[in-house]
Amino acid sequence: MTGAALAVTEYTDPACPWAWGTEPKLRWLRQRLGLAGGAVRWRRVFGILFDDGDDPAPDPVAEARWYTGFIAEVAAHTGAPHADRLAWLTRSSLPASLAGKAAETQGVDVAGRVVRRLRESTFIAGTPADDEPGIRRAVTGVPGLDVDRLVTDLAAATDAVRADHAETRRPCDKVLAVNGPGPHSGQAKELDDGVRYALPTLVFTGAGGSFVVPGWRPLHEYIDAVHSASGIALPPEPPLTAEEALAHYETLTGPELSLLAGTDRAPGVEVPTANGPLWIAKDRLARWERAWSR
């Protein structure tokens, strides 16, 4: 339906392995919605998976080892690449979330690239960007990004991210009632002081109503939700060639290559991980290596 209005709300966290594994579907969805001809607004809400008020791990080495294993378990379902080990467990999701929110003032595409780099700091490099120096290291070289401005804007993003934190802890009734199969049904998560959306959760709202796709779900559920909410029919085939995808996105996982380009290879540099390769555009490899140097 040409001209249909669609609002997409994405509840997420840069350090969430389920959100990292869902990136291929969301990249596909954003690409397709960009071609749909309708007015689409996509809002990213940072849920703060690791709060800065949480107690520190009594044994950081053991905690990092445990979370490395958890990431591997999630990746067995999602197919996402991941580091062979975490140097440490993310101390707080707040700094990366502030960076993702602050980047929005520099444009939607820039913000998406920043969030991607922040995810890769954990899941590819194994060195989470959970402080200002780590953020600066991770996002250096992002096309179109003024890094100094981003770092300066971190404090100004605090109120917006705290509002995101609160919004994520007011889940809609639909996710409270979820009782689907695993491994990640999307049912609202019980917390010590309440509940929150499972991450990732997407809410699609349009003239047809509001439709929720929570947790780890197949691509067709996103496609169906878009159509039910707005009438936009998304063609299911891959929207790009491998060359186009790598040129646009800078890095691609195997699942992203499959969804975006219908192939398992890209004309770039293949970087091995503990769960398949990450493909990097040749002209971006040096920047990527500097960003992830330990």
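Refer to the preceding data block for the structure.
These lines cover the structure that appears in this document, whether it is placed above or below. (Residues numbered from 1 in each chain as written. Predicted model: local features only at pLDDT ≥ 70, side-chain atom pairs only at ≥ 80, totals over all residues. Heavy atoms only, no water.)

1. As for the pairing of strand β6 (residues 209-214)
Here is step 1 of the chain: For strand β5 (residues 201-206) and β6, the ladder comprises six bridges, and the chain directions are antiparallel. Bridging from a neighbouring strand, Thr-201 pairs with Pro-214 of β6.
Here is step 2 of the chain: Counted along the chain from β5 to the antiparallel partner β6, the turn is two residues long. (Pairing = 2+ DSSP bridges. Helix = DSSP H or I, 4+ residues; strand = E, 2+ residues; numbered from the N terminus.)

2. Quick word on the state of the cysteines
Here is step 1 of the chain: This model, assessed by the stated rule, comprises zero disulfides.
Here is step 2 of the chain: Cys-16 takes part in no disulfide bond, and the closest cysteine sulfur to it belongs to Cys-172, at a distance of 17 Å.
Here is step 3 of the chain: Since its relative accessible area comes to 24%, Cys-172 is described here as partly exposed. (Disulfide = S-S within 2.5 Å. Buried < 20%, exposed > 50% of the residue type's maximum accessible area, 1.4 Å probe, protein only.)

3. Comments concerning the packing of aromatic side chains
Here is step 1 of the chain: Tallying each qualifying case throughout the model produces eight aromatic pairs.
Here is step 2 of the chain: With centroids separated by 5.7 Å and ring planes inclined at 45 degrees, the aromatic side chains of Trp-66 and Tyr-67 adopt a geometry described as tilted.
Here is step 3 of the chain: Since its relative accessible area comes to 51%, Trp-66 is described here as exposed.
Here is step 4 of the chain: A relative accessible area of 5% places Tyr-67 in the buried class. (Phe/Tyr/Trp six-rings, centres within 6.5 Å; stacked < 30°, edge-to-face > 60°.)

4. As for the sheet that holds strand β9 (residues 278-280)
Adjacent strands of a sheet form backbone hydrogen bonds with each other and so pair up, either parallel or antiparallel.
Here is step 1 of the chain: A sheet is described by the order of its strands in space; here three strands give the open sequence β7-β9-β8, paired in antiparallel fashion. Unpaired on one side and paired on the other, β7 (251-253) and β8 (269-271) mark the two borders of the sheet. Strand-to-strand, the axes of this sheet are offset by a mean angle of 25 degrees, without reference to chain direction.
Here is step 2 of the chain: Judged from the three bridges that link them, β7 and β9 form a sheet pairing that is antiparallel. Counted as the bridge partner of Leu-252 is Trp-279 from β9.
Here is step 3 of the chain: Docked against the sheet, helix α11 (residues 254-261) engages β7 and β9, running at close to 95 degrees with respect to β7. (Axes fitted to C-alpha atoms, helices over the stretch in contact; angles between N-to-C directions. Contact = heavy atoms within 4.5 Å.)

5. Points about the nonpolar core
Here is step 1 of the chain: Counting residues in hydrophobic clusters, the biggest one holds 30 residues, and the most contacted among them are Leu-29, Leu-33, Leu-202, Phe-204, Val-226, Leu-234 and Leu-252.
Here is step 2 of the chain: Taken together, the elements giving at least two residues each to this core come down to β1 (5-12), α1 (17-34), β5, α9 (219-230), α10 (242-249) and α11.
Here is step 3 of the chain: For this core, the element with the highest residue contribution is α9, accounting for six residues.
Here is step 4 of the chain: Residues within four places of Leu-33 in sequence aside, it is in contact with Leu-6, Val-8, Val-40, Trp-42, Val-226, Ile-232 and Leu-234.
Here is step 5 of the chain: Grouped together as the second largest cluster of nonpolar side chains are 23 residues, Leu-94, Val-114, Val-147 and Leu-154 included. (Core = buried A, V, L, I, M, F, W, Y, C linked by side-chain atoms within 4.5 Å.)

6. So, α1
Here is step 1 of the chain: The terminal C-alpha atoms of α1, which comprises 18 residues, lie 26 Å apart, in line with the 26 Å expected from a rise of 1.5 Å per residue.
Here is step 2 of the chain: Counted residue by residue, α1 has 16 buried out of 18 residues, so it is predominantly covered. (Expected span 1.5 Å × (residues − 1).)

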